[in-house]
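Breakdown of the fold
These are the residues of each chain, in order.
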Amino acid sequence: MNTKKNISVCFTADQFKKYADRKSTVVVIDLLRATSVISTAFMEGVKAIIPVQTLDEALSYKGKDGYIVAAERNAKPIEGFDFGNSPFHYINADVEGKTLVLTTTNGTKAIYNAREHKVITASYINIDAVAKHLIDEHNDVILLCSGWKGVFNLEDPIFAGSLAKLLLKSDKYESNCDSMFASIQLLKSAEGDLFNYLSDSSHRRRLKSLNLEDDTRFCLSPPIKSDIIPILKGDKLVVL
Ligand code: MLT
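Read on for an overview of the structure. (Residues numbered from 1 in each chain as written. Predicted model: local features only at pLDDT ≥ 70, side-chain atom pairs only at ≥ 80, totals over all residues. Heavy atoms only, no water.)

As for the site of the ligand
Stated formally: One heavy atom within 4 Å of a molecule or strand makes the whole residue count as near it. Think of a polar contact as two N or O atoms within 3.5 Å of one another; within protein, one of them needs to be a possible hydrogen donor and the other a possible acceptor, and neighboring residues in sequence only count if both atoms come from side chains. Calculation of accessible area relied on Shrake-Rupley with a 1.4 Å probe; when residues are assessed, cover is drawn exclusively from the protein chains displayed. Using a grid of 1 Å spacing that covers the protein atoms alone, one calls a set of points a cavity when a 1.4 Å probe fits there but cannot get out, and a pocket when the set is open and has protein on both sides within 12 Å along at least five of seven lines; lining residues are those with an atom within 4 Å of a point. Whether a molecule lies in a cavity or pocket depends on its atoms, and more than half of them have to be within 2 Å of the grid points. Note on residue classes: Ala, Val, Leu, Ile, Met, Phe, Trp, Tyr, Cys and Pro are nonpolar, Asp, Glu, Lys and Arg are charged, and everything else, Gly too, is polar.
Lining the immediate surroundings of the ligand are 14 residues, of which D30, N85, T104, N106 and H203 lie closest. A34 is positioned such that a nitrogen or oxygen atom in its backbone is 3.2 Å from an oxygen atom of the ligand. With respect to the ligand, the side chain of N106 contributes an N or O atom lying 2.6 Å from an oxygen atom. In the complex, the protein chains occlude 99% of the 270 Å² of accessible area that the ligand would expose alone. The cavity that encloses the ligand is the largest cavity. Tallied by class, the residues present in the shell around the ligand amount to five nonpolar, six polar and three charged.

Below you can see the structure in the form of structure tokens.
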């Protein structure tokens, strides 16, 4: 008999230790902007992405042939790096075949915290491919929201609600996780207009203060779709 698998939602990278079971498939979510950037970079031909925890570790790759180094802290790019953390860095850019070394405030930390699991990354760019893969794989799933410096953010759980809805529709999943039910309620409240619903959210306001509203629009409602599922293999994200 095919038993239903479980969906859990973890609201911050720091809380992951309460969900870790070394069995579930972990989907890392950092909608504004790390996992949207990761999807875009692979779509534009990046060969692999090395998520690192510190600026110094990322800088150690600077200038190496075939490498791009990108860093963001508090939504801002960091002096001395090739890129910040905008998806637009990768569109129509010379990134084909390159290896991207990436460090961000929360997203790359979430990936690190989940490293003892099967880890894939998701965004609205590849959500349909991720949902299909998870349904085909039929394993317990932890939707890991990156949050912001250890606290809840609004956009990642809304995305988790979108992905959870797709999984529940397959009738192959169930959940006993209030965070998942809350995520679906948040998605319903947004009524399909995430950009306006998130007007007062902390990270949209942070990005707006840096004139990055176009990044927000892109990540919430991307003009591109991709079947590429980034998966963590050792210290690198590669195409599944
Ligand atoms: C994060 O890691 O929290 C985000 O990617 C930050 C950002 O890019 O604005």
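More follows now that the structure is in view.
What about the side chain of D156?
In plain terms, the rule: Runs of E in the DSSP output that reach at least two residues are strands. Runs of H or I that reach at least four are helices, and both are numbered from the N terminus. In what follows, residue pairs with any heavy atoms lying within 4.5 Å of each other are defined as contacts.
Here D156 lies in helix 5 (residues 155-169). Polar contacts involving the side chain of D156 include one to the main-chain amide nitrogen of L31, which spans 2.9 Å. Apart from the residues lying within four places of it in its own chain, the contact partners of D156 are I29, D30, L31, L32, C145, S146 and G147.

Concerning empty space enclosed by the protein
Selection rule: Grid points are joined across faces, edges and corners, and a volume is the space filled by probe spheres set on the points.
Considering all chains together, one arrives at one cavity of 30 Å³ or more under this definition. Here the largest cavity defines a volume of roughly 100 Å³. Lining the largest cavity are 16 residues, and of these D30, L32, R33, W148 and H203 sit closest to its centre. By residue class, the composition of the lining of the largest cavity is four nonpolar, eight polar and four charged.

Some remarks on the packing of aromatic side chains
Note the following rule: Note on aromatic contacts: the rings of Phe and Tyr and the six-membered ring of Trp form a pair at centre separations within 6.5 Å, being stacked when their planes are under 30 degrees apart, edge-to-face when over 60 apart, and tilted otherwise. Throughout, exposure labels follow a simple rule: accessible area from a 1.4 Å probe, protein chains only, divided by the maximum for the residue type, with under 20% read as buried, over 50% as exposed, and the rest as partly exposed.
Taken as a whole, this structure holds five aromatic pairs when the rule is applied. With a centroid separation of 5.1 Å and an interplanar angle of 65°, the aromatic rings of F88 and F218 are classed as edge-to-face. With F88 in the loop between strand 5 (76-77) and strand 6 (99-103) and F218 in helix 9 (residues 213-220), the pair connects residues that are 130 residues apart, well separated along the chain. Since its relative accessible area comes to 5%, F218 is described here as buried. Ring centres 4.8 Å apart and planes at 75° place the aromatic pair Y124 and F159 in the edge-to-face group. Of the two residues, Y124 is situated in the loop between strand 7 (118-122) and helix 4 (127-137) and F159 in helix 5; the sequence distance between them amounts to 35 residues. On the accessibility criterion, Y124 (12% relative accessible area) is buried.

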